Amino acid sequence: MKIRSIVASCEDLQLIRPYTIAYKTVTAVENVVVKVELENGIIGLGTANPSKYVVGSDTADTLRALQPELLAPFQGKDIREFYSLLQQVHQLFRQEAGAAAALDIALHDAFTCWLGVPLVSFLGQAAAGLPTSITIGIRNVVDTLAEAREYIDRGFRIIKVKLGHSAEDDVERLVKLREAFGDAIVIRVDANQGYTANELLKFYRKTLSLSLELIEQPMPANAIEEMKQLPPEIKKLVAADESLVSPANAFQLADGPAACGIYNIKLMKCGGIQPAREIATIARHAGIELMWGCNDESIVSISAALHAALASPATRYLDLDGSFDLARDIVSGGFTVKDGYMSLTGQPGLGVRVL
Ligand SMILES: [Mg+2]
């Protein structure tokens, strides 16, 4: 079955509410869309919204990278040579995580739609579904409690709180959250590189009684050696996000004394499903747990991450709330969310329907 065409475009998906994290405030969202059409009319979709701060390119760079003359050689190729096509994509776009991710996802969707099976079944399903966290940005105590209440009322039980402006304010917000909602919620936090090693030790001691589930990227992305020196009980709770972009980073973080107990995989960092699964394999054999995260992304690439997550035996945590606050999307379906629990639809490919 030949590929008839591959086209890339950009879609403005907008955002219901702006939010703030340690290094930026986000007010609008664009995603690059890649459409792979097979000769029989089957369409595979991929989307991308990489973070310039983390991988060095944004959606504008991604669209520029997906030049028609670079996509043209894929036209006429047989989708049954799936792994060979993926190899070419990751060779061609190894410096452009967004472009690689959108193409990698679209090829996975097209191929498994052509096979007529859900992507997760093709990859090997390891879990039926998992609960996701939902994120509260950096806000004051009153607004944090109000937003948490809204999410709890919507059925979510895992709240991820963004930290990083001041360690004192961070601790106060978390104490108030625990006081207000008790054991009804699981609290995980993300400092987005905001702490030094000493600040992290202090933060850990002050929040010990709050039973935080995990601490995402407390220290700078390149502070790998410092992370390796942390006490084991802290490292166990640390999830590497900005420190973990590629499979090579996964090796570096696992080597010697491991730098953390959890890897946060994002398709937008590593360049799609294939490299994500390479990271997942390294994690599994190094005894590191997996969290699957995202940027502000269409249901298309959030679904792709969920398929990959549920096909990885080391997966323990989902943070796939990236499409919940979009004002519009290019597809529906992909997954269902009931009381914060995400599962797939059983439809072929990614299981999305074009709107
Ligand atoms: Mg993070």
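Starting afresh in each chain, residues are numbered from 1 along the sequence in its written order. Thresholds applied to this predicted model are a pLDDT of at least 70 for local features of residues and 80 or more for the giving and counting of side-chain atom pairs; totals over whole chains, interfaces and linings are not thresholded and use all residues. Side-chain measures here rest on the full set of heavy atoms in the structure, leaving out hydrogens and waters.

## Comments concerning the sheet that holds strand β13 (residues 289-292)
So, step 1. The pairing criterion for strands is at least two bridges between them, as found by DSSP. Numbering goes from the N terminus for both helices and strands, where a helix is a DSSP run of H or I of at least four residues and a strand is a run of E of at least two. Taken in spatial order, the 8 strands of this open sheet run β7-β8-β9-β10-β11-β12-β13-β14, and their pairing is parallel. The sheet terminates laterally at β7 (133-136) and β14 (315-318), the two strands that pair on one side only.
So, step 2. Both strand β11 (residues 238-240) and strand β12 (residues 262-265) contribute to a ladder of 2 bridges, which runs parallel. By the bridge assignment, A239 is partnered in β12 with I262.

## A short note on the state of the cysteines
So, step 1. Disulfides are defined in this document as cysteine sulfur pairs within 2.5 Å. Applying the stated criterion across every chain yields a total of 0 disulfides.
So, step 2. C10 takes part in no disulfide bond, and the closest cysteine sulfur to it belongs to C294, at a distance of 18 Å.
So, step 3. On the basis of relative accessibility, which here comes to 32%, the residue C10 falls in the partly exposed class.
So, step 4. Residue C270 stays outside any disulfide, its sulfur separated by 13 Å from that of C294, the closest cysteine. The cut-offs for exposure are 20% and 50% of the maximum accessible area for each residue type, with area from a 1.4 Å probe on protein chains only; residues under the lower value are buried, those over the upper are exposed, and the others partly exposed.

## Notes on the coordination of the magnesium ion
So, step 1. At this site the magnesium ion is bound by D190 (OD), E216 (OE) and D241 (OD), with donor distances of 2.1 to 2.2 Å.
So, step 2. Going along the chain, you hit the donors of the magnesium ion in the pattern D-x25-E-x24-D. On the criterion of sequence distance, the pair formed by D190 in strand β9 (residues 186-190) and E216 in strand β10 (residues 215-216) is long-range, its members being 26 residues apart.
So, step 3. Accessibility expressed as a relative area gives 0% for D190, which makes it buried. The rule for donors is simple: N, O or S, within 2.8 Å of the metal, or within 3.2 Å if the metal is Na, K or Ca. Water isn't counted, so a site may look like it is missing partners.

## Observations regarding the UniProt feature "domain: Mandelate racemase/muconate lactonizing enzyme C-terminal" (unreviewed entry) in the protein
So, step 1. Annotation from UniProt places "domain: Mandelate racemase/muconate lactonizing enzyme C-terminal" (unreviewed entry) at residues 141-232.
So, step 2. In residues 141-232, the share of helix is 49% and the share of strand is 13%. The end C-alpha atoms are 31 Å apart. UniProt positions are given in the numbering used here, feature names are shortened, and annotations may be inferred rather than shown by experiment.

## A few points about the sheet that holds strand β17 (residues 341-344)
So, step 1. Taken in spatial order, the 3 strands make up an open sheet running β6-β17-β16, and their pairing is antiparallel. Strand pairing shows two members of the sheet lacking a second neighbour, β6 (129-131) and β16 (335-338), which therefore form its edges. Taken pair by pair, the neighbouring strands of this sheet meet at an average axis angle of 25°, ignoring direction.
So, step 2. Bridge analysis of β16 against β17 gives 4 bridges, and the strand direction is antiparallel. Residue pairing for β17: V337 is matched across the bridge by M342.
So, step 3. In what follows, a contact means two residues having at least one pair of non-hydrogen atoms within 4.5 Å. All axes here are fitted lines through C-alpha atoms, helices being fitted over the stretch that makes contact, and every angle between N-to-C directions spans 0 to 180 degrees. Its contacts with the sheet place helix α15 (residues 299-310) against β6, β16 and β17, and it is angled at close to 90° to β17.

## Thoughts on the UniProt feature "active site" (unreviewed entry) in the protein
So, step 1. With numbering matched to this structure, UniProt assigns "active site" (unreviewed entry) to K162 and K266.
So, step 2. Along the chain, the position of K162 falls in strand β8 (residues 158-162).
So, step 3. Here K162 is in contact with I21, T135, I136, G137, I138, R173, D190 and N192, once residues within four sequence places are set aside.
So, step 4. For the purposes of these results, a polar contact is taken to be a pair of N or O atoms within 3.5 Å, where, inside protein, one atom must be able to donate a hydrogen and its partner to accept one; residues adjacent in sequence count only when each atom of the pair is a side-chain atom. Here the side chain of K162 touches D190 through a polar contact of 2.8 Å, side chain to side chain.

## Describing the pattern of salt bridges
So, step 1. Criterion for a salt bridge: a side-chain nitrogen of Lys or Arg within 4 Å of a carboxyl oxygen of Asp or Glu. Enumeration according to the criterion identifies 20 salt bridges in this entry.
So, step 2. With a shortest N-O distance of 3.7 Å, R17 and D325 are connected by a salt bridge. One end of the pair, R17, is in the loop between β1 (3-12) and β2 (19-21); the other, D325, is in the loop between β14 and β15 (331-333), with 308 residues separating them in the sequence.
So, step 3. In this structure R17 comes out as partly exposed when scored by relative accessible area, which is 24%.
So, step 4. Measuring nitrogen to oxygen at the nearest pair gives 3.9 Å for the salt bridge that ties D339 to K338.
So, step 5. The exposure class assigned to D339 is exposed, which follows from its relative accessible area of 51%.
So, step 6. One network of salt bridges, with partners in common, ties together K160, K162, D190, E216 and D319.

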